[in-house]
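Structural description and commentary
Letter by letter, the chains look like this.
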Amino acid sequence: MRNEEMEIRIIDIEHIREAAREFIGHIGDHRVFAFYGKMGAGKTTFVKAICEELGVEDVITSPTFAIINEYGLENVQRSTFNVQRIYHFDFYRIKKLEEVYDMGYEDYFYSGALCFIEWPELIEEILPDDAVRVSIDEQEDGSRIVSF
């Protein structure tokens, strides 16, 4: 990605896979993505679409209760990004940062795998410096603007 901010518009749910493909085109060498947005903004839905576009065949669900879900990548995408795993985090239920330390977050964030993080506000101080901050904002017409 370049230094200037990128924006992707998701017109509606029927166009989310198209937006996910566009987002994937900007991943480059980045591995950790922090998704910001209000409850219901579509963070999980967008991450799910990204994972599906990358070739994840597992059932993709919100990791709200598990905190982290792990997905394997198909061979085609594995060679594209040279990664074998995607880690999808949801820190919404985190009460203390110690919980994140206890789960060994460094093993995930610095593994070279793709990491998609929801509710990063709650762990801001331990996000890697090179984490890409992604905002999803709902517009009045129901569309979403993804900026990063």
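Residues numbered from 1 in each chain as written. Predicted model: local features only at pLDDT ≥ 70, side-chain atom pairs only at ≥ 80, totals over all residues. Heavy atoms only, no water.

**A look at the side chain of Lys 43**
- Assignment of secondary structure puts Lys 43 in helix α2 (residues 43-54).
- Buried charged residue Lys 43 carries no salt bridge. Nearest counter-charge: Glu 118, at 5.0 Å.
- Those residues in contact with Lys 43 that lie beyond four places of it in its chain are Phe 35, Tyr 36, Gly 37, Lys 38, Glu 118, Trp 119 and Ile 136. (Helix = DSSP H or I, 4+ residues; strand = E, 2+ residues; numbered from the N terminus. Buried < 20%, exposed > 50% of the residue type's maximum accessible area, 1.4 Å probe, protein only. Lys, Arg positive; Asp, Glu negative; His and termini not counted. Salt bridge = Lys/Arg side-chain N within 4 Å of Asp/Glu carboxyl O. Contact = heavy atoms within 4.5 Å.)

**A look at the nonpolar core**
- Core analysis: the biggest nonpolar cluster contains 32 residues, and Phe 23, Phe 35, Phe 46 and Phe 116 have the highest contact counts within it.
- Listed by contribution, the elements that provide at least two residues to this core are β1 (7-10), α1 (16-24), β2 (32-36), α2, β5 (114-118) and β6 (132-138).
- Counting residues per element, this core draws most heavily on α2, at six residues.
- Setting aside chain neighbours within four positions, we find Phe 35 in contact with Phe 23, Lys 43, Phe 46, Val 47, Ile 50, Phe 116, Ile 117, Glu 118, Trp 119, Pro 120, Val 134 and Ile 136.
- Core analysis: the second largest hydrophobic core is formed by 21 residues, Tyr 36, Ile 68, Ile 94 and Leu 127 among them. (Core = buried A, V, L, I, M, F, W, Y, C linked by side-chain atoms within 4.5 Å.)

**Brief notes about the sheet that holds β2**
- Sheet architecture is open: seven strands sit in the order β1-β7-β6-β2-β5-β4-β3, paired in mixed fashion. In this open sheet, the two strands that pair with only one neighbour each are β1 and β3 (68-72). The mean inter-strand angle of the sheet, taken between neighbouring strand axes irrespective of direction, is 20 degrees.
- As paired elements, strand β4 (residues 85-90) and β5 share five bridges and run parallel to each other. Note that in β5 the partner of Tyr 87 across the bridge is Cys 115. (Pairing = 2+ DSSP bridges. Axes fitted to C-alpha atoms, helices over the stretch in contact; angles between N-to-C directions.)

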